[in-house]
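# Architecture at a glance
So you can see what is in the structure, the chains are spelled out below.
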Amino acid sequence: MRGFMKRGSIFNRFLLLIIIVIIIPMILIYAVSSSVLIANLHNNYNDTVNAAAYSASRSIRDVVRSVIDTSVSVVGNVKIREFLTCDKENDNYLELHRSAKNSVETYYVNNNYISHIQIMSIQEDRNLSTDSKNVYSFKEEEKERMKESQGTWFWTHESNGKVSIYRIMRNVNNVSEKLGYIKIVLNEESIERKLLTNDSRIKFNYFLLDMDSGELVMSSDIQLDDMVKEIFRGNQKRIKQDSGFVLQKDNQYVVFTELGIKSLTLITVAKDQSMYYTMMKYGIILLFIILFTIAAGLYAGIYRKHIAVPLMTLSSHMKQINPESGVPLQVDVEAEGEVKELVDTFNAMSNQLNYLYETNYKNELKLRDANLLLLNSEMNPHFLYNVLDSVRWMVEMDQKEAATGMIQNLSEMFRLSLELSESSVISLGKELEHLEKYVSIEKYRFGDKIRIQMNIQDNIQHIQVIKFILQPLIENALVHGISKFSGYGNVLVSVYLSGDELVYDVRDDGCGADPERIQQILNSTLIKQNSLEGFALENIQARLHLRYGEEYGIVYRPREGGGSIFIVKQPVVT
C-alpha cells in the first residue's frame, strides 16, 4: 500500500508539473497567437474588400469613360451629321443614310459595354438605330431635358430595366444648333463580367450612385437598394469629403469610392465578418483548451512504467510510412507480454497490407490499360458508312478516279490503324499522318464546299499522344457543324505547345452547338436517343481521363460569329 501511495505521489507530482510547465503556458501562448492570427485574417478580409472596391471603381470608370468617349465620337462624326442635316430630296440621301448607319454600327461593335445606340434627328423625321426590334425610344421628358442642356449627358432607366445615357447632339461648328438626340444603352452583362472577382469566398454587390440626385444608376442587388440609399442620406457630407468612405452597418461592409467622373460614386457591399471572426477566435481558444485538457488527462491516465516506452516506439514506427508503397515499415523493438503480441500483430498486418497493396496496384494498372485498349478499339460506324456510300455514289456517277482515291485513302487509314492497334499511345507524327488520310477522304466527299486548314507547330511530331483524337473532332465539325448549317464552311486545326501541355484546337464556322448539351456529353450525363449520340466526344473524354486524369480533357465554347471551338489538352510525353 505504501509503495502504491509512493508511486501515486510521484505520479501526482508529475501531473502537477505537466499542468504548470506545459498546459497553462501552452494555453496562454495559443490564446495570444490565435487572437493575433484571427485579427490578421479579419484585416486581410477587409483589405480584400477594399482592394476589390478599388479595382471595381477603376473598371467602372473605364466603362463610363468608354461609353462617354463613344458618345463624343458620335457627336463629332461627319457622316452622321451630314445625314441628320441633309435634304431628303437629295440624290445622295440613301448613300448618306447607309454611311451614317455603318458608322453607328461600327461604334456599337467596337464597344463591348454598349448594348444599343439610338440617334434621332431634332425634327424627329429620321433615325439611326442598332436595334432592329425598335425596343428603345426617346421619352418626351428626355428630349426636353436634352434641349435645355448644353451637351451634358444624363442617366435613365429603360422600360425593360436597362440603363442608358442620353445627350443632345450639337453642331460642332455652331454649338447653338441642335442636330439630334443620342441614346446609348449599356450592356450590363459585359459590365458585370468586368466586375467579377477572383476571390470566390466573398460575394460582392456593386451600386453606381449619382450623388447630385441621390439616385442609384445601377444595382446588382435591388434588395440592398434601400439600405444603400439610407447610408448615403445619413452620411452624405462625410462621403463627399472622403473619397474612400467605409461603413459597417446591418452586417454589411460598405465602401464608397468616388469615380472622378461627374458626380458618380461606386458603392461596394460585402458581408461584414467582424462577428464571425470574433466567434472564431473564442471558439478556437475554447476548443484548444478542451482538447488540450482531455489529451493531458488521457496521457496521464495511460502513462505507466514498462508500457509507455514500448508503445511510444511502436507509435513512432507506425508513423513511418514508406512513400513508395504506402505501407508501414516493420517494427523492431524488444517487448514482453501484451505489448509484444501487439508488435507481432502489427508486423503481420504490415506484411499483409504490403502484399494487398502491390496486388491491387498491379491489377489497377492492368484494368486501366484494358479499358484504354477497349475504348481505342471502338469505331463510329457512321464514318465507314458515309465513306462507302460516297464511293457507291461516285461509281454510279462514273467518277472512278475519285472513288479509287477514297478507297485508297480509306485502305491506308485502316493500315495505320492495324499497325498501331497494339498501343493506345502513338507519336504525334503518326496521328497527323492518319489525319491527313481522313482529310483527303473528306475532300473527295465534299469537294470545294469545305476548306480544312492545318497549323502545326514545328518540332513536336515526336511527342507521344493518345491515338486517333483529332480525326473524330474534325468529323464532328464537318457532320454536326458545317453540313447541318449550309454545307459550306471552314475548319481550322491548330496543334501547339502551351507550357507543359500539348493543345489541339479545332474550330469551325458552322451552325454551332448547344453548350449545355455538349457539357452533358462530356460529363456522360446526356440522356441519349440512341447509342451513337455523342459517341465520339464521350469516347475521347473517357480516354483522356483514363490516361491522364480528370484535369485533362475536352473544353468546348461557342465561336463568336457562329460555329464551335473544341480544345483538347494533354500533358507533354516524349
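Residues numbered from 1 in each chain as written. Predicted model: local features only at pLDDT ≥ 70, side-chain atom pairs only at ≥ 80, totals over all residues. Heavy atoms only, no water.

The name recorded for the protein chain in an unreviewed UniProt entry is HAMP domain-containing protein, from Hungatella hathewayi. According to the UniProt record, the Subcellular location (unreviewed entry) comment for the protein chain is "Membrane". (UniProt positions renumbered as here; feature names shortened; annotations may be inferred.)

## Things to note about the sheet that holds strand S12 (residues 450-456)
If you trace the five strands from one edge of the open sheet to the other, you get S12-S14-S15-S17-S16, paired in mixed fashion. Every other strand in the sheet has two partners, leaving S12 and strand S16 (553-558) as the edge strands with one partner each. Averaged over all adjacent pairs, the angle separating strand axes in this sheet is 15 degrees, with direction ignored. In this sheet, strand S17 (residues 564-571) lies alongside strand S15 (residues 501-508) in antiparallel orientation, the contact comprising eight bridges. In the sheet register, Glu 501 faces S17, and the bridge partner there is Pro 571. Sitting on the sheet, helix H14 (residues 470-482) is in contact with S12, strand S14 (489-498), S15 and S17, with an inclination near 150 degrees to S14. Strand contacts of helix H16 (residues 535-548): S16 and S17, with the helix running at about 140 degrees to S16, the strand carrying the most contacts. (Pairing = 2+ DSSP bridges. Helix = DSSP H or I, 4+ residues; strand = E, 2+ residues; numbered from the N terminus. Axes fitted to C-alpha atoms, helices over the stretch in contact; angles between N-to-C directions. Contact = heavy atoms within 4.5 Å.)

## Focus on H16
With 14 residues, H16 ought to run about 20 Å at 1.5 Å a step, and its terminal C-alpha atoms sit 20 Å apart, in line with that. Those residues of H16 not exposed but buried are Phe 535, Ala 536, Leu 537, Asn 539, Ile 540, Gln 541, Arg 543, Leu 544 and Tyr 548. Following H16 by one or two positions, Gly 549 adopts a phi angle in the positive range, close to 105 degrees. (Expected span 1.5 Å × (residues − 1). Buried < 20%, exposed > 50% of the residue type's maximum accessible area, 1.4 Å probe, protein only.)

## Digging into the packing of H14 against H16
Where H14 meets H16, the closest approach of the two axes is 10 Å, and the angle between their N-to-C directions is 155 degrees. Between H14 and H16, the angle falls in the class roughly antiparallel. Viewed along their axes, H14 and H16 form a crossing whose handedness is left-handed. Packed against H14, whose contacting residues are Pro 472, Leu 473 and Asn 476, the element H16 presents Ala 536, Leu 537 and Ile 540 at the interface. Of the residues belonging to the contact of H14 with H16, the class tally is five nonpolar, one polar and no charged. (Parallel < 35°, antiparallel > 145°, perpendicular 65-115°, else oblique. Left-handed = near helix turned anticlockwise from the far one by under 90°. Nonpolar A, V, L, I, M, F, W, Y, C, P; charged D, E, K, R; others polar.)

## Focus on the nonpolar core
Among the nonpolar cores identified, the biggest contains 49 residues, and Ile 60, Ile 80, Ile 119 and Trp 155 are the most heavily contacted of them. With 12 residues, helix H1 (residues 2-76) is the single largest residue contributor to this core. With residues near it in sequence (within four places) discarded, Ile 60 still touches Ile 191, Leu 195, Leu 208, Met 218, Leu 259 and Leu 266. Of all hydrophobic cores here, the second largest spans 48 residues; its members include Ile 466, Leu 473, Tyr 504 and Tyr 548. (Core = buried A, V, L, I, M, F, W, Y, C linked by side-chain atoms within 4.5 Å.)

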